[in-house]
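# Results of the structural survey
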Amino acid sequence: MAKVLVLYYSAYGHIETMANAVAEGAREAGASVDIKRVPELVPDDVAKKSGFKLDQAAPVARVDELENYDAIIVGTGTRYGRMTSQMANFLDQTGALWMRGALNGKVGGAFASTASQHGGQETTLFSIITNLLHLGLIPVGLPYSFQGQLKLDEVTGGSPYGATTIAASDGSRKPSENELAGARFQGRHIAEVATKLFG
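Residues numbered from 1 in each chain as written. Predicted model: local features only at pLDDT ≥ 70, side-chain atom pairs only at ≥ 80, totals over all residues. Heavy atoms only, no water.

An unreviewed UniProt entry annotates the chain as NAD(P)H dehydrogenase (quinone) originating from Luteibacter jiangsuensis. Comment text from UniProt for the chain, heading Sequence similarities (unreviewed entry), reads "Belongs to the WrbA family." (UniProt positions renumbered as here; feature names shortened; annotations may be inferred.)

In structure tokens:
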């Protein structure tokens, strides 16, 4: 049984919802799955005034836990077309793991959320994938065998680089069923790849 970590940062709950869908897909493939989030860097009073979702159930991850998993699937919102500072700060602390090659050959994946259709979905995914490659992970995306990313009859996220959702500039749009299906598909696919390598 592959051990999968879904590691995320979610300010307003969109990525938290996507993380749960990714985990659901990985569990469907028979994997043992943990969902953890990275620490919030915004002061509590600012987060509250900004409407951050502060009641997230997932425990806060520690960097030294990462090497305990066969696959790590990283999700975050977008800031100016790249990953959030919260996720970047956490990944910037993995130097000791990098030095030891502790994550070499593990499976990785990325998922993201943006305010608009063209608000940096793919560049955010690539900012995560770049970190995964530097750490020695093997990135696995969302293949076109998930037909939902080819839909033209609705506005939807999703790309071959990873599952995505569109939140709207005010955060009012929640992940659609098609976007959640893409997240479940990617989680299942990554778990299946990890099981082939480590199961």
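And the narrative resumes.
Turning our eyes to something else, we now look at the UniProt feature "binding site: FMN" (unreviewed entry) in the chain. On the UniProt side, "binding site: FMN" (unreviewed entry) is annotated at positions that read S10, A11, Y12, G13, H14, I15, T78, R79, Y80 and H134 here. Spanning 125 residues, the annotated positions stay apart in the fold, the maximum distance between their C-alpha atoms being 28.7 Å. Set against the largest pocket, the annotated residues named above that line it are S10, A11, Y12, G13, H14, I15, T78 and R79. You can see H14 is positioned in helix α1 (residues 14–28). The class for H14 is buried, based on a relative accessible area of 6%. Once residues lying within four places of it in the same chain are set aside, the contact partners of H14 are S113, T165, A167, G171, R173, K174 and P175. Checked against the element boundaries, I15 lands in helix α1. The class for I15 is buried, based on a relative accessible area of 2%. (1 Å grid on protein atoms, 1.4 Å probe; cavity = no way out; pocket = protein on both sides within 12 Å on 5 of 7 lines; lining within 4 Å. Helix = DSSP H or I, 4+ residues; strand = E, 2+ residues; numbered from the N terminus. Buried < 20%, exposed > 50% of the residue type's maximum accessible area, 1.4 Å probe, protein only. Contact = heavy atoms within 4.5 Å.)

Before going further, it helps to examine the packing of aromatic side chains. Two aromatic rings, taken as a pair, are described by how far apart their centres are and by the angle between their planes. Under the defined criterion, the tally for this structure stands at three aromatic pairs. Judged by centre distance (4.6 Å) and plane angle (45°), the ring pair of F126 and Y161 falls under tilted. Here Y161 lies in the loop between β6 (138–139) and β7 (163–166) and F126 lies in helix α5 (residues 121–134), a separation of 35 residues in the sequence. On the numbers, 5.6 Å between centres and 50° between planes, the contact of F146 with F185 is tilted. Highlighted residues: F146 in the loop between β6 and β7 and F185 in helix α6 (residues 177–198), separated in sequence by 39 residues. The pair F146 / F185 is uniform in exposure class, with both members buried. Here the guanidinium or amino end of K3 rests over the ring plane of Y69, the centre of that ring lying 5.5 Å away. (Phe/Tyr/Trp six-rings, centres within 6.5 Å; stacked < 30°, edge-to-face > 60°. Lys NZ or Arg CZ within 6 Å of the ring centre and 35° of its normal.)

For the rest of this paragraph, the subject is the nonpolar core. Judged by nonpolar contacts, the single largest core of 29 residues is most densely connected at V4, V6, Y8, V33, I35 and F111. Going through the elements one at a time, β1 (3–9), α1, β2 (32–37), β3 (71–79), β5 (107–114) and α6 are the ones with two or more residues in this core. A per-element tally of this core places α1 first, with seven residues. Excluding anything up to four places from it in sequence, V4 contacts A26, A31, S32, V33, D34, Y69, A71, I73 and A191. Core analysis: the next-biggest nonpolar cluster, separate from the first, contains 28 residues, A11, A61, L66 and Y69 among them. (Core = buried A, V, L, I, M, F, W, Y, C linked by side-chain atoms within 4.5 Å.)

Turning next to empty space enclosed by the protein. Considering all chains together, one arrives at one cavity of 30 Å³ or more under this definition. Around the largest cavity, the lining residues are L66, I72, V74, L91, L103, L132, L135 and L137. A class-by-class count of the residues in the lining of the largest cavity yields eight nonpolar, no polar and no charged. (Points joined across faces, edges and corners; volume = space filled by probe spheres on them. Nonpolar A, V, L, I, M, F, W, Y, C, P; charged D, E, K, R; others polar.)

A few words on α1. Look at α1: 22 Å from first C-alpha to last across 15 residues, which is about the 21 Å you get at 1.5 Å a residue. Among the residues making up α1, those that are buried are H14, I15, E16, M18, A19, A21, V22, A23, G25 and A26. (Expected span 1.5 Å × (residues − 1).)

On to the pairing of β5. Counted residue by residue, β5 has eight buried out of eight residues, so it is predominantly covered. Of the two faces of β5, the one carrying V107, G109, F111 and S113 and the one carrying G108, A110, A112 and T114 are both buried. Sheet topology places β3 next to β5; seven bridges connect them, and they run parallel. Residue A71 lies in a different strand from β5, and its bridge partner there is V107. The pairing of β5 with β6 spans two bridges and is classified as parallel. Paired with G108 across the two strands is P139, which belongs to β6. Bridge count for β5 against β7 is four bridges, and the pairing is parallel. When the sheet's bridge partners are listed, S113 is paired in β7 with T165. (Pairing = 2+ DSSP bridges.)

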